[in-house]
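If you want the building blocks of each chain, they are given just below.
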2 protein chains.
Amino acid sequence: MKFIIQKENLVQSVQDVMKAITSRTTIPILTGIKIVASEEGVTLTGSDSDISIESFIPKEENEQEIVEIQQTGSIVLQAKFFSEIVKKLPTNQVEIVVDNFQTTIRSGKSEFNLNGLDSEEYPHLPQIAEQNSIKVPTDLLKNIIKQTVFAVSTSETRPVLTGVNWKIENNDLICIATDSHRLALRKAKIEIETEQSFNIVIPGKSLNELNRILDDHDEPVEVLVTENQILFKTKHILFFSRLLEGNYPDTNRLIPTESKTDIIVNSKEFLQSIDRASLLAREGRNNVVKFSTMGENVIEISSFTPEIGKVIEELVSESVSGEELKISFSAKFMMDALKVLEGSEVKISFTGAMRPFVIHPTNDDSTLQLILPVRTY
Amino acid sequence: MKFIIQKENLVQSVQDVMKAITSRTTIPILTGIKIVASEEGVTLTGSDSDISIESFIPKEENEQEIVEIQQTGSIVLQAKFFSEIVKKLPTNQVEIVVDNFQTTIRSGKSEFNLNGLDSEEYPHLPQIAEQNSIKVPTDLLKNIIKQTVFAVSTSETRPVLTGVNWKIENNDLICIATDSHRLALRKAKIEIETEQSFNIVIPGKSLNELNRILDDHDEPVEVLVTENQILFKTKHILFFSRLLEGNYPDTNRLIPTESKTDIIVNSKEFLQSIDRASLLAREGRNNVVKFSTMGENVIEISSFTPEIGKVIEELVSESVSGEELKISFSAKFMMDALKVLEGSEVKISFTGAMRPFVIHPTNDDSTLQLILPVRTY
């Protein structure tokens, strides 16, 4: 293998595939980056066996030469060293030559020799047929991920809850995450090429990594699903993730369809109030704050931690309708929800102090956050 | 105690005194910030008993009212909560009222109640007479610290080496740090008001915190020394540190007065070469790189770690004079030294492969870095 490549493109590609690589793998070769030089360009691959990322660097782009392939071939190089080395090379042109697993990286007056590994021993990536695909604009995909993935469970007690449930119903993509104390739901109309339906669970970790790799300006992402794998395809990147096994619980019956108290508040002011109230609550019992309607559209948010002190916040809401209410909930869950909702106002619909309540932006029912209260009053 | 204060000034002051506060103290009251309201303004104090920082907020500055004192008094509040609270308060005006240790912090519609502690139980700061003072411009003081403190020892085997030795000789302030493998020395002409001399050791940790608190635009810092304390005084901040006990070793005889090989290199290029060479060396034996003169002003920097690979860098130096040389040294020590030296070129003076060598900027003998080589050739 022998090629000359533009440093900038190599660095970007290495950075992308590094997102799949962990040093805590039990398969030693997966601590490496697989590099394949073909007639068309250079392909890098990183994987932790749950997530695999393939990044392709074409020979030319926009009529600029990026790679000059002098001899095709492949090698696996230790990711930790290779990624640091390419970043720090002195010149824009980098030559990589492999001779019997000995890899030479040359740039200016700097020459590295790395012991490579046989690329034949690198696991094969899943093969996914092109047939079942949906297309999602990149900014929408990033938004969907952001508005749901934070609510997945971090506990392995019910592994299926560590993922986000994606399903297609009537041309809607519906994405749901819950850790059984709160739930995030996001619906989106999407372009479906053929009659298609799926109901899958994508690991939260995979979606977080995908979100970090996607660039807002990218073209739409093609999404392909098989029984146990999902593939996100952009122009030069293939992002594979395994799917979680098991049936995702039916969450429909959790979401209340009517409400007894409805409150509309400025989202940012409410978030800041909760944030302050939680400053003392964090030390005490589970970061719980109290929320009470006080008449005349005033809301009181408070918390009390005997050893430290107490805080009382008053907030004037846009409107309060329905029954009076005293309720306690996790400040963290409320802040997580408010941070991802768009729009300057949110509507919170309660059905009593012991029932789950729903937060969504006013004038937008594509997204919904649900929180279970905490029993304190 | 009762006063109304501008949030911005309070936040800045709290941030300054927080630099002395640690949660790992054995004296519980030192996890608090002492707040004293006097007729002149508000004084905050933080301390970990090694370092104490006092920050004064005057009633007025530049004809702007900052604090309105309604009742003098004092209290100690948990630093962790107080600092978070003041940062997040909703309005620019903050009212603080103490009634029998119960402290109320009011800002807009937000009201905090914190359990305070008796300020009488807060340790007294050392009293330092004004007589023995030197004045150091802030930017010079920051430079002196930066160019020496990184070289202090991190091991407690010889506690005196965890500090920087400051002494006055013939109107020069001489600052030296060494961990016995490398040494950093910085001299500076300073303004001395009276006939004065001292020879003290300041804990490296104190100097690092001082550096973080000093603002480049500050007026000169007044430095006062007693037997076991040093005080750095700026307009509104008093920074106290205890001194280290014990005699600092005489390092004069360590510094070679002649050389056998002298090399002048571009500081940045050399730093980058060493950085690359150390990428592989870090994993191996102690981050050691090899340095060889190759004739015709060429220097070769290399490292070899059998399990990973090797790297060879060539660097064209400005000049090489004297004997040929092969020497090995810690890449980390060399990079630390190069990072703090000013000027685009450095001169490195060697006296053989087994002797300490000296690095200093060309045309500047106020600062010097010394490194002991490692035996490998």
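Position numbers for residues count from 1 along each chain, tracking the sequence in the order it is written. Written order decides the labels, with chains lettered from A and ligands numbered from 1. Residues qualify for local features only when their pLDDT is at least 70, as the model is predicted, and side-chain atom pairs are given and counted only at 80 or more; totals for whole chains, interfaces and linings, by contrast, use all residues. Where side-chain values are given, they derive from all heavy atoms of the structure, hydrogens and water being excluded.

1. A few points about helix 3 (residues 138–148) of chain B
Link 1 in the chain: Think of it in three bands: with a 1.4 Å probe and only protein chains considered, a residue is buried below 20% of the maximum accessible area for its type, exposed above 50%, and partly exposed in between. Secondary structure elements are defined from DSSP: runs of H or I of at least 4 residues count as helices, runs of E of at least 2 residues count as strands, and each element is numbered from the N terminus. A large share of helix 3 of chain B lies buried, amounting to nine of its 11 residues.
Link 2 in the chain: For helix 3 of chain B, the complete set of buried residues consists of B:Thr138, B:Leu140, B:Leu141, B:Lys142, B:Asn143, B:Ile144, B:Ile145, B:Gln147 and B:Thr148.

2. Description of the pattern of salt bridges
Pairing of side chains with opposite charge becomes possible as their charged atoms draw close.
Residue and element names in this part refer to chain A.
Link 1 in the chain: By definition, a salt bridge exists where a carboxyl oxygen of Asp or Glu is found within 4 Å of a side-chain nitrogen of Lys or Arg. Applying the stated criterion to the full structure yields 28 salt bridges over all chains.
Link 2 in the chain: Between Asp336 and Arg182 there is a salt bridge; the shortest N-O distance is 2.8 Å. With Asp336 in helix 6 (residues 331–340) and Arg182 in strand 15 (residues 182–189), the pair connects residues that are 154 residues apart, well separated along the chain.
Link 3 in the chain: On the basis of relative accessible area, Arg182 is assigned to the buried category, the value being 6%.
Link 4 in the chain: Of the charged contacts in the structure, one is a salt bridge between Glu209 and Arg212, with a shortest N-O distance of 3.0 Å.

3. Some words on the sheet that holds strand 25 (residues 319–322) of chain B
Residue and element names in this part refer to chain B.
Link 1 in the chain: One bridge is not enough; two strands pair if DSSP finds at least two bridges between them. The strand order 17-13-14-15-29-28-27-21-25 describes an open sheet built from nine strands, whose pairing is antiparallel. With partners counted over all chains shown, the strands left at the sheet margins are strand 17 (199–203) and strand 25, one partner each. The mean angle between the axes of side-by-side strands here comes to 20 degrees, regardless of whether they run parallel or antiparallel.
Link 2 in the chain: One ladder, built from five bridges, connects strand 15 (residues 182–189) with strand 29 (residues 367–371); its direction is antiparallel. Its bridge partner being in strand 29, Ala184 is matched across the sheet by Gln369. Only the stretch in contact is used when a helix axis is fitted, and all axes are lines through C-alpha atoms; the angle between N-to-C directions ranges over 0 to 180 degrees.

4. Re the interface of chain B and chain A
Link 1 in the chain: If you look at the interface, chain B gives 29 residues, while chain A gives 29 residues.
Link 2 in the chain: Two parts placed together each lose some accessible area under a 1.4 Å probe, and adding up what both lose gives the buried area. Of the roughly 2700 Å² buried at the junction of chain B and chain A (both faces included), carbon and sulfur atoms supply 55%.
Link 3 in the chain: Remark: the boundary between chain B and chain A carries two salt bridges.
Link 4 in the chain: Residues A:Asp275 and B:Lys88 are paired through a salt bridge, measuring 3.1 Å at the closest nitrogen-oxygen approach.
Link 5 in the chain: Those elements that place two or more of their residues in the side of chain B that touches chain A are helix 2 (79–88), strand 11 (110–115), helix 5 (267–281) and strand 24 (309–316) of chain B.
Link 6 in the chain: Here the nonpolar group is Ala, Val, Leu, Ile, Met, Phe, Trp, Tyr, Cys and Pro; Asp, Glu, Lys and Arg are the charged ones; every other residue, Gly included, is treated as polar. Tallied by class, residues from the side of chain B that touches chain A come to 12 nonpolar, four polar and 13 charged.
Link 7 in the chain: Across five bridges, the pairing between strand 24 (residues 309–316) of chain A and strand 11 of chain B is antiparallel. Paired with A:Lys310 across the strands is B:Asn113, a residue of strand 11 of chain B. The contact definition used throughout considers only heavy atoms, calling two residues in contact when any of these lie within 4.5 Å.

5. Considerations on unusual backbone geometry
Residues and elements named next belong to chain A.
Link 1 in the chain: Phi is positive for Asn171, which is not a glycine, with a value near 65 degrees.
Link 2 in the chain: Along the chain, the position of Asn171 falls in the loop between strand 13 (163–169) and strand 14 (172–178).
Link 3 in the chain: In this structure Asn171 comes out as partly exposed when scored by relative accessible area, which is 45%.
Link 4 in the chain: Of note, the phi angle at Ser180 is positive, near 75 degrees, even though the residue is not glycine.
Link 5 in the chain: With respect to the secondary-structure elements, Ser180 resides in the loop between strand 14 and strand 15.

6. Here we look at helix 6 of chain A
Link 1 in the chain: Counting buried residues in helix 6 of chain A gives eight out of 10 residues, a clear majority hidden from the surface.
Link 2 in the chain: Of the residues flanking the start of helix 6 of chain A, the one acting as N-cap is A:Ser330, its side-chain oxygen 3.2 Å from the backbone nitrogen of A:Lys332. In protein, a polar contact means a hydrogen-donor-capable atom and an acceptor-capable atom, both N or O and within 3.5 Å, with residues adjacent in sequence counting only if both atoms are side-chain atoms; elsewhere, any N or O pair within 3.5 Å suffices.

7. Some thoughts on the packing of helix 3 of chain B against helix 4 (residues 204–213) of chain B
Residue and element names in this part refer to chain B.
Link 1 in the chain: Two numbers describe how helix 3 lies on helix 4: the axes approach to 10 Å, and their chain directions differ by 140 degrees. One way to sum up the angle between helix 3 and helix 4 is to call them oblique. In terms of crossing hand, the pair formed by helix 3 and helix 4 is left-handed. Taken together, the residues of helix 4 that come into contact with helix 3 (itself represented by Leu141, Lys142, Ile145 and Lys146) are Leu207, Leu210 and Asn211.
Link 2 in the chain: Here the contact of helix 3 with helix 4 is built from residues that sort into four nonpolar, one polar and two charged. Small angles under 35 degrees read as roughly parallel and large ones over 145 as roughly antiparallel, with 65 to 115 read as roughly perpendicular and the rest as oblique. For any helix crossing, the convention is left-handed if the near helix is rotated counterclockwise from the far helix by under a right angle, and right-handed if that rotation is clockwise.

8. What to know about the relation of the copies chain B and chain A
Link 1 in the chain: For the least-squares superposition of copies, only C-alpha atoms count, and only for residues with pLDDT at least 70 in both. By a simple turn and slide, chain B fits onto chain A: the slide is 0.0 Å along the axis, the RMSD is 0.0 Å, and the turn is 180 degrees. Such a combination of rotation and displacement between the chain copies is what one expects of a two-fold axis. Of every C-alpha in chain B, the one belonging to B:Arg24 sits nearest the axis of rotation, 16 Å from it.
Link 2 in the chain: Comparing interface residues between copies, 100% of those in chain B also sit at the interface in chain A, which points to an isologous, same-surface contact.

9. Looking at the domain arrangement of chain A
All names here are of chain A.
Link 1 in the chain: Here the limits of each domain have been adopted from an automatic or database domain assignment. Along its sequence, chain A is organised into domain 1 (2–121), domain 2 (133–242) and domain 3 (255–371).
Link 2 in the chain: For domain 1 versus domain 2, the distance between C-alpha centres works out to 29 Å.
Link 3 in the chain: Taken residue by residue, the interface counts 12 residues in domain 1 and 13 residues in domain 2.
Link 4 in the chain: Across the domain 1 to domain 2 interface the summed buried area is about 1200 Å²; carbon plus sulfur atoms make up 51%.
Link 5 in the chain: Inspection of the region where domain 1 meets domain 2 yields three salt bridges.
Link 6 in the chain: Between Lys205 and Asp48 there is a salt bridge, and its shortest N-O distance comes to 3.3 Å.

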